[in-house]
Amino acid sequence: MSKLIPETALDRAGGRLALAQEDSQVFADPQPLRPGPSAYVLRLARGISLVCSPAAISVPFVLLVALYRCSSLWPALGFALLTLGFVCAGPLFYVLLAMRLGLVSDLDLTRRHERWHPFLVSLLSYGLGLLLLLLLHAPRSLELALSLTLLLGLLLLLITLWWKISIHAATLAGAATVLTALYGLVFLPSFLLLVLVCWSRVALGRHTPAQVISGALLSMSLALGLLLLVGL
């Protein structure tokens, strides 16, 4: 009878030790639920995301809009550079400064709660730029493009307060819509580039499919509505 007690205790101790060894093995060598993207896929996605960033897309977009039906090349280029200063240079300078001060984590503004103050600065820059274009009697196409940028930025800011909608997708979708409306079907392939950008943002884990699709549809709808309302 006295022998049964230590044997039972020893058996229980051995069982607990076996379970502990199994648990430690599981945590030491976890099995992923599904494989992530390969290094090549991630490099490709980063390249697409960088080349088609909002600042990069804005340069050819503004130049092409400024040159639409322009009667004189140099004034059109001058207005384009002025517009780019308010659309690209000002907001980009603020984001770089905010990164240096530790107010934002990266150029992509990955964290949603860090986006509101760059958005406000950008909207202020867009508004000042639009006012200056109106005072200088800039090409109507540029005034329309900057008005679209201002309205889209305001909507994106409001949505960003509770949901991380894609700025990359919205910027490229709006640019592709406006350029196709101005120049015709020659810019229709730019929507294929939009698909690649949406894929890259999802592949990098920056957005969900719903966030990139929503950004693209919002921008296209706003651009089409403004073009139908104002016309060119």
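Data block above holds the structure.
Parameters and conventions
Counting restarts for each chain: residues are numbered from 1 in the order of the written sequence. At least 70 in pLDDT is required for a residue's local features to be given in this predicted model, at least 80 for side-chain atom pairs to be given and counted, and no such filter applies to totals for whole chains, interfaces and linings, which use all residues. Note: side-chain values were computed over all heavy atoms of the structure, leaving out hydrogens and water. Each helix is a run of H or I in the DSSP string that is no shorter than four residues. Each strand is a run of E no shorter than two, and both are numbered from the N terminus. Here the term buried applies to any residue with accessible area under 20% of the maximum for its type, exposed to any over 50%, and partly exposed to those in between, with areas from a 1.4 Å probe on protein chains only. We call two residues in contact when some of their heavy atoms are within 4.5 Å. Axis angles are defined between N-to-C directions and span 0 to 180 degrees, where every axis is a line fitted to C-alpha atoms and, for a helix, only to the segment in contact. In what follows, roughly perpendicular refers to angles from 65 to 115 degrees, roughly parallel to angles under 35, roughly antiparallel to angles over 145, and oblique to any angle outside these ranges. Two helices cross in a left-handed way if the nearer one is turned anticlockwise from the farther one by less than a right angle. They cross in a right-handed way if the turn is clockwise. Under the scheme applied here, ten amino acids are nonpolar (Ala, Val, Leu, Ile, Met, Phe, Trp, Tyr, Cys and Pro), four are charged (Asp, Glu, Lys and Arg), and all others, including Gly, are polar. Stacked, edge-to-face and tilted labels apply to pairs of Phe, Tyr and Trp rings (six-membered ring for Trp) whose centres lie within 6.5 Å, assigned for plane angles under 30 degrees, over 60, and everything in between, in that order. The nonpolar core is taken to be a set of buried Ala, Val, Leu, Ile, Met, Phe, Trp, Tyr and Cys residues, with the residues joined through side-chain atoms within 4.5 Å. Throughout this description, the term salt bridge denotes a Lys or Arg side-chain nitrogen within 4 Å of a carboxyl oxygen of Asp or Glu.

Visitor: Please provide a residue-by-residue account of unusual backbone geometry, values included.
Guide: One non-glycine residue with positive phi stands out, namely L109, at about 50°. Even without being a glycine, H137 presents a positive backbone phi close to 55°. Following the sequence through the fold, H137 ends up in the loop between α5 (116-135) and α6 (140-160).

Visitor: Before we move on, could you go through the environment of L146 and cite the residues and values that matter?
Guide: Relative to the assigned elements, L146 resides in helix α6. Residue L146 is classed as buried on the basis of its relative accessible area, which comes to 2%. Counting along the chain gives 60 residues from L146 to F86, while the straight-line C-alpha distance between them is 9.5 Å. Each residue touching L146, except ones within four places of it in the same chain, is listed here: T83, V87, Y126, G129, L130 and L133.

Visitor: Give a description of the packing of α5 against α6 that names residues and reports values.
Guide: Helices that pack against each other are described as a pair by the angle of their axes relative to one another and the distance between those axes. For the pair α5 and α6, interaxial distance at closest approach is 9 Å and the crossing angle is 160°. When the axis of α5 is compared with that of α6, the two are roughly antiparallel. Taken as a pair, α5 and α6 cross one another with a handedness that is left-handed. Between α5 and α6, the contacting residues are W116, F119, L120, L123, Y126, G127, G129, L130, L133 and L134 on the first element and L142, E143, L146, S147, T149, L150, G153, L154, L156, L157 and T160 on the second. Class assignment for the residues of the contact of α5 with α6 results in 14 nonpolar, 6 polar and 1 charged.

Visitor: So what's going on with the packing of aromatic side chains? Which residues, and what values?
Guide: Two measures describe an aromatic ring pair: the distance that separates the ring centres and the angle between the ring planes. Per the stated rule, a full pass over the model turns up 3 aromatic pairs. On the basis of an interplanar angle of 75° and a centroid distance of 5.6 Å, the ring pair of Y68 and Y183 is categorised as edge-to-face. Residue Y68 is located in the loop between α3 (54-66) and α4 (73-100), and its partner Y183 is located in helix α7 (residues 167-183); the two are separated by 115 residues in the primary sequence. By relative accessible area, which is 32% here, Y183 ends up partly exposed.

Visitor: Describe the nonpolar core, naming the residues involved and giving the relevant values.
Guide: Ranked by size, the top nonpolar core spans 48 residues in total, and within it F61, V65, L142 and V178 carry the most contacts. Discounting residues that sit within four places of it in the chain, L142 has contacts with V62, V65, A66, F79, A80, T83 and L133.

Visitor: Please give an account of the pattern of salt bridges that cites residues and values.
Guide: Under the definition given, this model contains 3 salt bridges. Between D108 and R206 there is a salt bridge, with the nearest N and O atoms lying 3.6 Å from each other. With D108 in the loop between α4 and α5 and R206 in the loop between α8 (190-203) and α9 (209-230), this residue pair connects regions lying 98 residues apart in the sequence. By relative accessible area, which is 25% here, D108 ends up partly exposed. Salt bridges sharing partners connect three or more residues here, namely D108, R201 and R206.

So, to be careful, I would describe these as geometric facts and stop short of saying anything about function.
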